[in-house]
Structure formats: structure tokens, C-alpha cells
Amino acid sequence: MDAREEAIQRTVQRKARELGISSDAARRELELSVRAHPDDYASDPSEQALMLLAKVLESIEENRDRDDYLDDDQYRLAFMGRMGVLAATSEKALEIDPQSLDAKLLLEIATPQPVDRRVRSMEKALAEAEASDATLSYADPFSRPKLRVLAALARWSLIAAQPRRAVRTAMRLLDETRRDRDPLGARYTLALAYARLEDEPGFQELDRAWGHRDSAWSALARTLLLFKLDRMPAARRALTGYVSVYESGAFGLASPTLVEPYLPDRPSFEPGSLDEVVFAVHEAEPIIVDTPDFMNWCNSQPGFRESAEAFARRMGYDG
Amino acid sequence: MAFDPAYEDFRRLAIAYHDPTMDSDPYEQTRKAMAFSQQFSWGNDALARSDTDRAFHLACEAAMIIDEELPFLPESEGALAAADAQRLLEEALSLDEYCFDARRMLHAQTSPIMDDHIHYLMERMDEVERVCWERADRLTRNVSAKDPVFFERMSLELAPYLRWVQGAAELNLLGGRYRKAYDLARRAIEIDREDLADSRFTAVLALAKLGDEDELEAFVQWVVPELGEAARDDAWIRLARMALAWQNDRLEEASAHIDWILATYPHAASALTLQSELPEPMFARLDCDPYSNDELVLAVSEATVLLQECADESGRGPLGTFVAEHPGVRAAYHRELEFYGESGEEIGDEEGEEA
């Protein structure tokens, strides 16, 4: 989520309407001014709340760079500090704009609580916000908060042991954003949920629509699905495919990395990168844990460990 | 219901000692039956048996060591007992290579990786089916289907096959292969519509994991009418329905299932709060009285796959937390603790250890 950019877009839209600007050139001029001094132009509470969130998210991002120098206890404190600041700022943003879904979403993330409770309260907030609106579109900055909520709800449902709900929510998000090529990655969550539910027809339909080599999520989900259906030769081929397409694939699966909660979206990543693998493995974790022998099996497949070790050596990680 | 190794051992011998020519004299028949029972309980090792029955007897002894003694022994004695059990199983197989209970338990004892054991069971399932049916056919060839002996023989010869299939179903459930677990449980029920193996319990948990409410209700419609005396409401189906209602945001309905369990089983709140996971029995699902606390503890333990999914540091998953924090469960748990006084503290301590 680029909160600053979205706040600017909102301001530009509103200002253009107020000033009756219709030509592209005038609109570009306006955008340049807003971009240079967004705080001065953000007179609407929704824009002000969003700008406030933009600043806290940017500062969290900056501070993260220091984590590499911290030991575990210091890191835990730093993390809790970040979440505390985020919660306080989100509450402040809600005072400015009580309707802000982004502030509600970030507040839910920053508040320690069971994930199924988080799902329920955010579903309620979304339902209240939706009463007035019709269709959603990713291109429209006013729709985006709702789409982000849907994406978070789908991912949370998977870690709340509610894969059916994950399917329902991700499916809805995918329908809303298909024409924009699913920018929030609903299909990733959907693929994992299908694997968890052993829903082969559902998974195959997704595979047909988005291609066999769509993402690390789909490659992992395919391997898990086939393993769970006990089609071992096919599962073996799926694992081999995943490891050969993602050079960090085996490494990422064998040594899962700590991933902080997304704020609130999945961070962007280069296709095929270690980041992609890390996010996919992180999101697949509940399903991997639910399939106790899966990692044993991966480790015993020819070439899997070698591939993980080779990648670790190349990157200079400790064995 | 369920399988009790000692009782099945008794039934095998009783039918072997049963002499169809005496049917005409009820007095003599009763006297002989009494004498046999007495002999069985006093010194059943001394009774003459066929190699098959002897092998089964040894497998039962091993089963009782593995399922009833091992879990309670300290580690040092456990290793010895396990070695004893293994020797018994090997001896059983030397007498009867088709003593499938012995094969299954021996393989489980010697292969620590669950997936290997599952594949062992899957690969040999058809052979087990064939041999068990051949034996059942051979031993009932000249018996009228109306004769109680016919049914007794059939059920004794097919029991090892049922346990094989049900064991595979249970392991697939634990291993995260829910479709397979469900299919195997159905396979077991199709052989025995009265479901002596209680495979329907495994089936409903698997369907809850698959999140398939329609299939669950269709399955219940299919299985219950044929159960006969065993047909009853039980903790497994309630836990499965509760999990699905919870997933689909019907929290009141989920609560109603918990309330039913609280009202039906003694000391249910402790079982629902502690959510202990028992070791997987090797012979078959432990035999418990219907609606006893033991039965609930067993059902909750088998429902671990639902309760602990996505567990956090506490060891409970969101569903496990929902159950343990259900107001009715909390209130009843406090009452149970107070009722037990001193021993209540022990229950509390156990909870600490679980966490």
C-alpha cells in the first residue's frame, strides 16, 4: 500500500472537482502542486487520516533497517514498540476520519488478539462501510481500502483455521479485481486454501486461468495438494518444478524466515526472487504444519537439500 | 463397540471349542461353555489352539502391552516393555504370516516416520482384504448363514482387515490427507455397516477438516440408519458439526453443540479445557463406554486435528481456544475444579504442563 500516493490521488480528485478542472494539462499542474505539499492541500478528513497513516508506515519502514543490529529481546521490544506506535497513530487517524477502513485495518493488526476475532471485527467493519457503495475497482482510490480489507481477511482466514472462509473471501476479491490482473494476489491465498481443502477442481481452474507457472504460491500449493491427495509421483514432479523455477525455493521452504505482519498489504516483490519465496512459504506455513510429514518428505527428495544448501552458500548464509 | 483384544481372543477360542454336535443338549452345552470360560480365565495359555489362534493371542498380548501399559511406564521400563511386545509380535508372525494385527503393529513399532507406515498399510491393503475374505469363506463354507456361528466367524476373520483399513484412515487424518482418510473410513463402513470399528468417527472429523458441510450431512444420512443399536448422537459428530458451524460464523449453533457435550458427558468441561492428545493406539481405537468421560477424552483427543489447527504458542488453535473459552465450559470447569478440591489443583497443574 502506498498510502501517501493514495492520499495525493484523493486530494487531486477532490480539488479538480472543486475547481472544475477538466483538461489534462491543468490536472497535471494540480497534481504537481499537491505532490509538493500534500499536507497543505489535504483539507478533507479522509485525506488527512491517510496522510497520517502514510507517515507512520514510512517511519516504520525506515526503522526496520536497524533490526539487523538487534538481538532477540531487543528485536521483540522494537517490534512491540512499532506496533504500539502504529496502534496509537491508527486511533488518531480514526479520530480524524472515523470511517477510515485503513486505520481500522491497521489498528486490528497492531492490537494483539486472536486472529479469528480479528477476522470477525474486520468483516463487520467492512459490511458497515459497504452499505453505501456499489462496485469496487482497484483503479479507484476510494475502493482500495475495501479491497485491502478483503485481501487481509482472506489471508487471516487461512491462519485462523478457516480455509472455507478464505476461499469465499479470496474468490470475491478476485472477482472484483480480475480486470486489474489481481494486484493484491487473491489468487495466491485461493491456491493455498484449495490445497488445504484438497479441492483439486478449484485449484485446476485457477491453474488454467493464471498459468501453470504463475507464482511460488501456486507451485507450493500444487505440491501440497498432490501430497495430500497421496499422488506421490505427481507431487514429486511438482516439488521438482518448484525447486527448478525458484532457485531459492528449497532454501526458503527448509528454513522459514520470520515475517512480520503485512502493513496491511503483502509487500511487493520481484517475480522469482527470494522475497517471493519467503512470502509464499510464510503464507503456506499453516498448511505445511497441518501436513506433518510434508517437510520430511521434501527433505528426502533427491536434490532438495542440495539445492537448499547450494543457495545458502551462494548467498553466504551459515550452513 | 470398538475392538477389545482380550475379548476377541476369548471369542476366537470360544468358537474353536464350540462343538456343533452338542446343540441338542442345552444343559451339556451350558456346562461346557461355563467350563471353557473358567479355563480361559484361569490359564488360557494352556488351552490348545491352532497356530492362527495362537498367533492372534500373542498379538493381543503385545497390543495390551503397547496400548495399555506403555503409555504409563517410565522411559527406562518402556524400552523393555516395547522389546517384549516386539518379540511377541515376531513370534506371532512366525506362527501365522497372515496375522495382520501383528504385522501392522510390528511395522508401526519399527517405523518412526508416519508417512512410511501409512504407505505400508496402503500398499498391502488389497492383500489383507483378499486373505481375510479367503479365511472367512473357508471357515464358513459348511455353515448356514442363519447359524450364529456364521456371523461370529465372519466378524472374527474380517476384524483384522477392518482394523487395517481403519488404522490407515486414522493415520491419514493425522497426516493431513483428509480426502483419503474419509474414503478409507467409508471403505471400512462398506464392509461392516454396523461399523464395529467406529470408522464414522474418523470420517466426520475428516469431513470437518475438508470443510464440507453438505457431504457431512449426506454421510450421516447414509451411515446412521444401518448402524442398528450403535446409532446414537456422539461427541465426534458434535465436534465436527461444531467446527463447521464455527467456521461459517454460526457461533450460536457451535455453542449449542458444546452445550450438548457439557450436558451429556460427565466432567466434560475438563476434557474440553485440557484438550489432551492421547498417544495413537496401535491395536484399535480404545474401547470406552458410551457417554463416559473416557469416551469424550478420546473424541477430543482425536479432534486435535481440528482444535489445534493453526495453534499459537499456547498449543491451542483458534477453534481450541473458542471451545476452552466458551462461557459454559469455563463455568463448568470451575465447578469441576471446586468439586475435586485438592485433586482439582492437579488438573490445574496438568493444564500448566500442556501449555
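Provided above is the structure to which this section pertains.
These figures come from a predicted structure and were not determined experimentally.

Draft legend 1. Representation of the overall build of chain B within the structure. Each helix and strand counted, chain B has 18 helices and zero strands in total. The C-alpha atoms of chain B give a radius of gyration of 22 Å, which matches the 20 Å a tight globule of 355 residues would have. Along the three orthogonal principal directions, the C-alpha set of chain B runs to about 65 × 50 × 45 Å. Looking at chain B alone, contacts between residues at least 24 apart form 71% of all its contacts between residues at least 6 apart. Total accessible area on chain B stands at roughly 16600 Å², and carbon and sulfur atoms take up 52% of it. Computed over 33 positive and 74 negative side-chain charges, the inter-centroid distance for chain B is 7 Å.

Draft legend 2. Structural view of the overall build of chain A. Scanning chain A for helices and strands turns up 17 helices and zero strands. For 319 residues, the compact-globule formula gives about 20 Å, and the C-alpha radius of gyration of chain A, at 21 Å, lands near that figure. Counting over 319 residues, chain A shows a buried share of 52%. Taking all contacts inside chain A whose residues are at least 6 apart in sequence as the whole, residues at least 24 apart take part in 66%. Accessible surface, chain A as shown: approximately 15000 Å² in total, 51% of it carbon and sulfur. Across chain A, the mean location of the 43 positive side-chain charges is 4 Å away from that of the 55 negative side-chain charges.

Draft legend 3. Representation of the pattern of salt bridges within the structure. The tally for this structure, following the rule as stated, stands at 60 salt bridges over all chains. With its nearest N and O atoms 2.8 Å apart, the salt bridge here joins B:R177 to B:D115. Of this pair, B:R177 sits in the loop between helix 7 (148–174) and helix 8 (178–191) while B:D115 sits in helix 6 (residues 114–139), and the two are 62 residues apart along the sequence. In terms of burial, B:R177 and B:D115 fall into one category: buried. Each of A:E61, A:R64, A:D67, A:R82 and A:E260 takes part in salt bridges that share partners, so that together they form one network.

Draft legend 4. Highlighting the interface of chain B and chain A. Contacts between the two partners involve 25 residues from chain B and, on the opposite side, 28 residues from chain A. Across the chain B to chain A interface the summed buried area is about 2200 Å²; carbon plus sulfur atoms make up 41%. When the area that chain B buries against chain A is broken down by residue, the three leading residues are B:R177, B:Q247 and B:E309, summing to 24%. At the boundary of chain B with chain A, the tally comes to seven salt bridges.

Draft legend 5. Examining the nonpolar core more closely. Residues A:L86, A:W156, A:Y242, A:L253 and A:F294 are the most contacted members of the largest nonpolar core, which totals 96 residues. Within the second largest apolar cluster, 94 residues are counted, among which are B:A62, B:Y161, B:V165 and B:L210.

Draft legend 6. Spotlight on the environment of B:M242. Residue and element names in this part refer to chain B. With respect to the secondary-structure elements, M242 resides in helix 11 (residues 235–247). Residues M242 and E253, spaced eleven residues apart in sequence, show a C-alpha to C-alpha distance of 7.2 Å. In contact with M242, not counting residues within four places along its chain, are A254, H257, I258, L319, F322 and V323.

Draft legend 7. Highlighting unusual backbone geometry. Residues and elements named next belong to chain A. In the segment running from L263 into P264, the intervening peptide bond is cis, with an omega of -20 degrees. The backbone of D230 sits at a positive phi, close to 65 degrees, despite the residue not being glycine. Within the element layout of this structure, D230 appears in the loop between helix 12 (216–228) and helix 13 (232–245). Relative accessible area serves as the criterion here: at 14%, D230 is assigned to the buried category.

Draft legend 8. Spotlight on the packing of helix 7 (residues 115–130) of chain A against helix 8 (residues 144–159) of chain A. Residues and elements named next belong to chain A. Two elements in contact, helix 7 and helix 8, have axes separated by 10 Å at closest approach and are oriented at 155 degrees. As summarised for this structure, helix 7 and helix 8 are arranged roughly antiparallel, according to the angle between their axes. For helix 7 against helix 8, the interelement crossing comes out left-handed. In this structure, helix 7 uses V115, R118, V119, M122, E123, L126, A129 and E130 to contact helix 8, whose residues at the interface are K146, V149, L150, L153, W156, S157 and I159. Partitioning the contact of helix 7 with helix 8 into residue classes produces ten nonpolar, one polar and four charged.

Draft legend 9. Layout of helix 6 (residues 101–110) of chain A. Residues and elements named next belong to chain A. Among the ten residues in helix 6, nine count as buried, and that is most of the element. The set of residues buried in helix 6 consists of L101, D102, A103, L105, L106, L107, E108, I109 and A110. Contact partners of the buried residues in helix 6: helix 4 (45–64), helix 5 (72–96), helix 7 and helix 8.

What counts, and where the lines are drawn
- Residues numbered from 1 in each chain as written.
- Chains lettered and ligands numbered in written order.
- Predicted model: local features only at pLDDT ≥ 70, side-chain atom pairs only at ≥ 80, totals over all residues.
- Heavy atoms only, no water.
- Helix = DSSP H or I, 4+ residues; strand = E, 2+ residues; numbered from the N terminus.
- Rg over C-alpha atoms; globule rule 2.2 N^0.38 Å.
- Contact = heavy atoms within 4.5 Å.
- Areas by Shrake-Rupley, 256 points an atom, 1.4 Å probe, with all protein chains shown as cover.
- Lys, Arg positive; Asp, Glu negative; His and termini not counted.
- Charge placed at Lys NZ, Arg CZ, Asp CG, Glu CD.
- Buried < 20%, exposed > 50% of the residue type's maximum accessible area, 1.4 Å probe, protein only.
- Salt bridge = Lys/Arg side-chain N within 4 Å of Asp/Glu carboxyl O.
- Buried area = accessible area lost by both parts, 1.4 Å probe.
- Core = buried A, V, L, I, M, F, W, Y, C linked by side-chain atoms within 4.5 Å.
- Axes fitted to C-alpha atoms, helices over the stretch in contact; angles between N-to-C directions.
- Parallel < 35°, antiparallel > 145°, perpendicular 65-115°, else oblique.
- Left-handed = near helix turned anticlockwise from the far one by under 90°.
- Nonpolar A, V, L, I, M, F, W, Y, C, P; charged D, E, K, R; others polar.

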